[in-house]
Amino acid sequence: LDTAVVTVGALHAGDAFNVIPSTAKLEGTIRTYLKETQKMVHQRVTEICEGIAAAMGCTAEVEMIPMTIAVNINGSLHTIDVDPHRTLLELLRDRLSLTGTKECCAEGECGACTVLLNGRAVNACLVLAVECDGESLVTIEGIGRPGAMSGLQDAFLRTGAVQCGFCIPGMVMA
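Let me begin by describing the structure that accompanies this report. (Residues numbered from 1 in each chain as written. Predicted model: local features only at pLDDT ≥ 70, side-chain atom pairs only at ≥ 80, totals over all residues. Heavy atoms only, no water.)

1. A short note on the nonpolar core
Phase 1 of the analysis: Formed by 22 residues in total, the largest nonpolar core has its most connected members in Ile69, Val82, Leu88, Leu91, Val115 and Leu137.
Phase 2 of the analysis: With four residues, helix H3 (residues 88–95) is the single largest residue contributor to this core.
Phase 3 of the analysis: Excluding anything up to four places from it in sequence, isoleucine 69 contacts His78, Thr79, Ile80, Val82, Leu91, Ala129, Val130 and Asp133.
Phase 4 of the analysis: Listed in part, the seven residues of the second largest apolar core include Val41, Val45, Ala53 and Val62. (Core = buried A, V, L, I, M, F, W, Y, C linked by side-chain atoms within 4.5 Å. Buried < 20%, exposed > 50% of the residue type's maximum accessible area, 1.4 Å probe, protein only. Helix = DSSP H or I, 4+ residues; strand = E, 2+ residues; numbered from the N terminus. Contact = heavy atoms within 4.5 Å.)

2. What to know about the pattern of salt bridges
Phase 1 of the analysis: Scanning all chains against the criterion turns up three salt bridges.
Phase 2 of the analysis: Close ionic contact of aspartate 83 with arginine 86 constitutes a salt bridge, the shortest N to O distance being 3.9 Å.
Phase 3 of the analysis: Glutamate 90 is the partner of arginine 86 in a salt bridge, and the nearest nitrogen-oxygen pair spans 3.6 Å.
Phase 4 of the analysis: We classify arginine 86 as partly exposed; its relative accessible area is 32%.
Phase 5 of the analysis: Given the relative accessible area of 11%, glutamate 90 is considered buried.
Phase 6 of the analysis: Residues joined in a network through salt bridges with shared partners are Asp83, Arg86 and Glu90. (Salt bridge = Lys/Arg side-chain N within 4 Å of Asp/Glu carboxyl O.)

3. Quick notes on the environment of threonine 101
Phase 1 of the analysis: You can see threonine 101 is positioned in the loop between H3 and strand E5 (114–117).
Phase 2 of the analysis: Residue threonine 101 is classed as buried on the basis of its relative accessible area, which comes to 2%.
Phase 3 of the analysis: With 69 residues separating them in the primary sequence, threonine 101 and glycine 170 have C-alpha atoms 7.0 Å apart.
Phase 4 of the analysis: The residues touching threonine 101, leaving out its near neighbours within four places in the chain, are Leu89, Leu92, Arg93, Ala112, Cys113, Val115, Ala124, Thr139, Ile140 and Glu141.

In structure tokens:
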């Protein structure tokens, strides 16, 4: 046996803290924290697998594989493969082309990326896409219809509360 191939699926936050040394210090935004945590988990899992492989007299190749999730978005069921470290915001905008949810601060401060997760307002930049498996989401695209806005959308329009318009979807969703 020359090479042991180890496939690792999504790791949840609790798992991450079991393999990351407690002395690890992270600075920066929550999004940076998520990405750094994922890197550190991958690095630690790789070290563990390499140690096991070395004891077996071979080398290890570790790969993180996408997870298949099923999520109801705006009344439509989507089954999609996502990388374990991708945020809900990245899934919505980059994979599903639901661009009404805006990316702005990427640290949960501004609310431009607000969506409803099981009826609760959340910042899509702070939620991992894999956490939405089996859940129900509503984005700005799921509020109202062309020619039939929701009451809140209509109130924004009637009162001229649009400012530049960039963060309006987040305001409506919140």
